[in-house]
Amino acid sequence: MTLISFVVPAFRVQGYLRECLDSILDQPFTDLEVIGVDDCSPDDSGEIFDEYAARDRRVRPIRLGENVGLGPARNVGLDRAIGEYVWFLDGDDWLAPDCLSEVAERLHATRPDVLLVDHVRTHWNDTATRSAMREVFPEPPGEGTFRLRDRPEAMRLLHTAWNRVVRRQFLLDLGLRFEPGWYEDVPFSYPVLMAADRIGVLDRVCVNYRQRRTGAITRTRGERHFEVFPQWHRVFQLMDRWGPRVDELRPAVFERMIWHYLTVLGNGQRIAPELRPAFFAQITADYARWLPSDGYPTPAGVEGLKHRLVAGGRWRTFSALRTANRARDAARRSARTARRRVAPVARRNARRARDVLLREYYRAELRRPLDPTLAVYAAYWYRGYSCNPAAIYEAARRLAPEIRGVWIVRRDRVDSLPPGVEYVVAGTPSYYRMLARARWLVNNVNYPDFVRKRPGSVHVQTHHGTPVKVMGLDQQRYPIGAGRMDFAGLLRRVDRWDYSITSNGFSTQMWDRAYPAAYTTLEVGYPRNDRLVTATPEEVRRLRAELGIGLAEQVVLYAPTHREHLPTYRPPFDPDRFVEALGPTGRLLMRSHYFHDRDRRPRPSVDRDRVRDVSAHQRVEDLYLVADVLVTDYSSAMFDYAVLDRPIVIYAPDWEAYRLARGVYFDVTAEPPGAVAMTFPDLLDVFSGGGFRSEAATKARQQFRARFCGLDDGHAAERVVRHVFLGEPAPPRTGC
């Protein structure tokens with residue numbers, strides 16, 4: 001028999017689900033199965049389960065025909081489980097490395113009905129807070145088992161399904177199921193403890209309980225939080241059926257109920273002010289209904305006062321004390337902030353007078369009406385006209401000519417603009433005016449921090465590649481690669497987004513996790529790749545001629561990414577030896593990452609007969625079109641180039657170091673778009689021996705294209721313009 005069945009329900013967790021599944025499947029302990037329940041999720045959660053099931057027999061996906069909610073979805077998984085123990089893990093949480101070996105050892109040694117495990121709350125800013133395990137058990141609980149009547153303090157551990165591993169037959173004999181609705185953990189977690197003859201505690205952090213910035217019910221206001229009351233009613237109704245064997249637990253259970261109610265009421269992110277009196281009244285009603293005949297241990301101090309006010313139904317006094325406490329806490333925070341704050345006058349005096357005047361001008365322009373026909377575009381920190389914003393701009397000129405498009409560029413990049421493109425130079429008064437008054441702001445990176453999101457304005461984040469390396473908040477786990485990144489500032493910028501443009505489901509999943517905010521995702525393909533689909537043979541011949549490339553020559557484009565953590569790093573690559581391996585008709589185009597235009601150190605010239613540095617070429621799409629083969633490492637170039645269905649070679653000489661220092665979302669050496677070379681001699685062999693065109697390389701490319709390039713049909717920019725600028729409905733997503 002399988003030892004542990006993991007039941008993982010999924011609804012709108014595509015950005016986190018891979019991390020959850022990897023944390024289970026990558027454990028050294030392997031005697032497990034994963035029941036993945038797609039609760040009719042409107043995102044790609046179901047596809048992720050299918051993908052993992054295709055490569056790991058331990059994963060068993062289930063797709064529900066309608067959304068039933070977390071509790072019933074867990075029941076479906078329980079019905080399919082075959083393990084001796086079942087562990088309900090939410091799709092946005094994940095296990096600590098190597099914890100399953102200790103869990104399995106304890107299960108084998110003590111055979112508990114329920115094993116409680118420890119957890120940490122892991123916040124979006126990569127901080128973590130301990131659970132109450134050490135407060136509940138100041139002395140280590142030991143390896144033995146106990147009944148709840150002997151250690152009722154165990155009920156003070158967080159009442160969730162995912163911090164307890166339950167013997168499946170015990171659960172089936174008990175006939176306990178998850179109830180529908182919110183707070184479904186309550187009538188499950190307490191009864192399993194009350195009914196268990198053997199409870200164990202593993203004082204080992206096993207679960208990372210993700211505190212999501214957006215999307216969690218604990219951060220959602222509304223009337224559904226009143227569902228906590230019927231869930232607790234079920235607990236006491238069950239105790240009534242069980243009779244005397246649980247009567248001695250009533251005082252402790254009652255105290256937990258009132259504590260929980262007050263916790264929900266006290267959370268301003270759950271109960272809106274106008275609903276609080278009614279919520280408090282229901283607490284008072286439940287207090288009177290379920291109060292044990294012999295009383296219960298009332299907490300001391302302020303918490304005890306809250307209980308007494310609830311018992312007396314004294315909402316006005318309760319509310320007044322709450323307001324006073326909140327005002328006191330706010331005053332303390334304000335005082336601390338004031339002590340830390342540098343005087344604004346000192347900051348302003350440190351700025352140049354011109355910057356102060358321009359910012360004041362910007363603020364004045366913010367008070368003027370939005371220009372309903374103005375769209376502002378930028379790319380790569382004002383480096384010029386390129387990427388997804390350029391493709392959207394061109395589509396908008398064709399489909400919505402009434403919209404005036406203006407580009408922002410650096411002064412040294414003005415000459416790179418195509419004829420007829422209206423522009424302003426960054427830092428000028430016109431620049432500030434455009435940013436203040438534009439209705440649409442389109443960029444493939446973030447606009448500066450001073451830019452304000454005005455009501456009625458629309459910010460479109462196009463991004464500039466499908467991510468291999470970790471991005472956004474995920475970089476917090478890789479401080480070497482993140483450098484001095486200001487993550488709080490990043491989130492303030494992300495909160496301005498109205499739309500996030502993604503090229504495939506994988507990107508959507510990763511951006512959901514890396515940039516948690518309330519924007520709308522448009523999964524429509526990458527606009528910049530439209531040209532790769534629509535380019536004609538005549539256009540390709542023209543581009544080759546402009547670059548001095550003959551029709552019979554085999555062109556290889558080498559485009560490695562940069563290493564933020566190693567700014568001086570250059571991959572081991574000898575152009576002369578490489579073109580020798582290509583043979584007499586081979587040509588090599590070398591393109592450095594755009595970040596390297598900050599590097600003013602002279603680089604060796606490689607403009608020889610068959611080797612050319614094309615780093616300064618404005619549109620990388622031109623280079624993709626003329627190249628017969630792409631060589632790259634961890635660059636998003638591989639996803640774009642794959643649209644052309646031409647050979648790609650991954651050259652990853654520092655893969656292990658890069659993966660550990662910078663962090664990656666998937667292993668490009670295990671799931672490559674073609675042949676893989678880990679050393680320069682290997683790379684030479686791939687080309688001299690023809691391995692880049694082998695059957696295995698072609699099969700890998702086809703699998704890669706199916707996963708990442710399905711939306712790149714030449715109409716991505718049109719889809720963006722029609723929805724964002726013209727207000728037409730967004731393309732529908734598949735699902736329930």
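Coordinates for the structure precede this section.
Here the structure is a predicted model, which is why all the values come from computation and not from measurement.

Draft legend 1. Representation of the overall build of the chain. If you tally the helices and strands in the chain, you get 28 helices and 22 strands. Relative to a compact globule of 736 residues, whose C-alpha radius of gyration would be 27 Å, the chain shows 30 Å and is just as compact. Overall size of the chain, expressed as C-alpha extent along the three principal axes, is 95 × 65 × 45 Å. The contacts in the chain between residues at least 6 apart in sequence include a share of 75% that link residues at least 24 apart. Counting only carbon and sulfur atoms, one obtains 51% of the accessible surface of the chain, whose full area is about 32,200 Å². Side chains of the chain carry 109 positive and 94 negative charges; the gap between the two charge centres is 8 Å.

Draft legend 2. Main features of the sheet that holds strand β10 (residues 371-378). Across the sheet, seven strands lie side by side as β12-β11-β10-β13-β14-β15-β16; this open sheet has parallel pairing. For this open sheet the edge positions go to β12 (423-425) and β16 (520-523), each flanked by a neighbour on one side alone. Neighbour to neighbour, the strand axes of the sheet diverge by 25 degrees on average, direction disregarded. Taken together, the four bridges between strand β15 (residues 499-502) and β16 define a ladder with parallel strand orientation. By the bridge assignment for β16, Tyr499 is matched with Thr520. Of the strands in this sheet, β10, β11 (404-409) and β13 (438-443) are in contact with helix α15 (residues 387-399), which crosses β10 at around 145 degrees.

Draft legend 3. Structural view of the sheet that holds strand β22 (residues 675-677). The strand order β19-β18-β17-β20-β21-β22 describes an open sheet built from six strands, whose pairing is parallel. The open sheet has two edge strands with one neighbour each: β19 (611-613) and β22. Strand-to-strand twist in this sheet, taken as the mean axis angle between neighbours without regard to direction, amounts to 20 degrees. Looking at chain direction, strand β21 (residues 648-651) and β22 are connected through three bridges and run parallel. From the neighbouring strand, Val649 faces β22, where its bridge partner is Ala675.

Draft legend 4. Quick peek at the environment of Gly481. For Gly481, the location among the structural elements is in helix α17 (residues 479-482). Expressed as a C-alpha distance, the spacing of Gly481 and Lys469, which sit 12 residues apart in the sequence, is 9.8 Å. Ignoring any residue separated from it by four or fewer positions in sequence, one finds Gly481 in contact with Gln475, Glu564, His565, Ala661 and Arg662.

Draft legend 5. The pattern of salt bridges, seen in detail. One pass over the structure, following the stated rule, counts 56 salt bridges. As a salt-bridge pair, Asp713 and Arg719 come within 2.9 Å of each other at their nearest N and O atoms. Accessibility expressed as a relative area gives 36% for Asp713, which makes it partly exposed. Connected via shared salt-bridge partners are Arg18, Glu51, Arg55, Glu671 and Arg707.

Draft legend 6. Representation of the nonpolar core in the model. If you look at the biggest cluster of nonpolar residues, it comprises 67 residues, and the most contacted ones within it are Phe88, Leu171, Phe188, Met194, Trp232, Val253 and Ile283. Leave out the neighbours within four places in its chain, and Met194 touches Leu148, Val235, Met239, Trp242, Val246, Leu249 and Val253. Residues Leu543, Leu625, Val643 and Ile648 belong to the second largest nonpolar core, which totals 55 residues.

The rules behind the values
Residues numbered from 1 in each chain as written. Predicted model: local features only at pLDDT ≥ 70, side-chain atom pairs only at ≥ 80, totals over all residues. Heavy atoms only, no water. Helix = DSSP H or I, 4+ residues; strand = E, 2+ residues; numbered from the N terminus. Rg over C-alpha atoms; globule rule 2.2 N^0.38 Å. Contact = heavy atoms within 4.5 Å. Areas by Shrake-Rupley, 256 points an atom, 1.4 Å probe, with all protein chains shown as cover. Lys, Arg positive; Asp, Glu negative; His and termini not counted. Charge placed at Lys NZ, Arg CZ, Asp CG, Glu CD. Pairing = 2+ DSSP bridges. Axes fitted to C-alpha atoms, helices over the stretch in contact; angles between N-to-C directions. Salt bridge = Lys/Arg side-chain N within 4 Å of Asp/Glu carboxyl O. Buried < 20%, exposed > 50% of the residue type's maximum accessible area, 1.4 Å probe, protein only. Core = buried A, V, L, I, M, F, W, Y, C linked by side-chain atoms within 4.5 Å.

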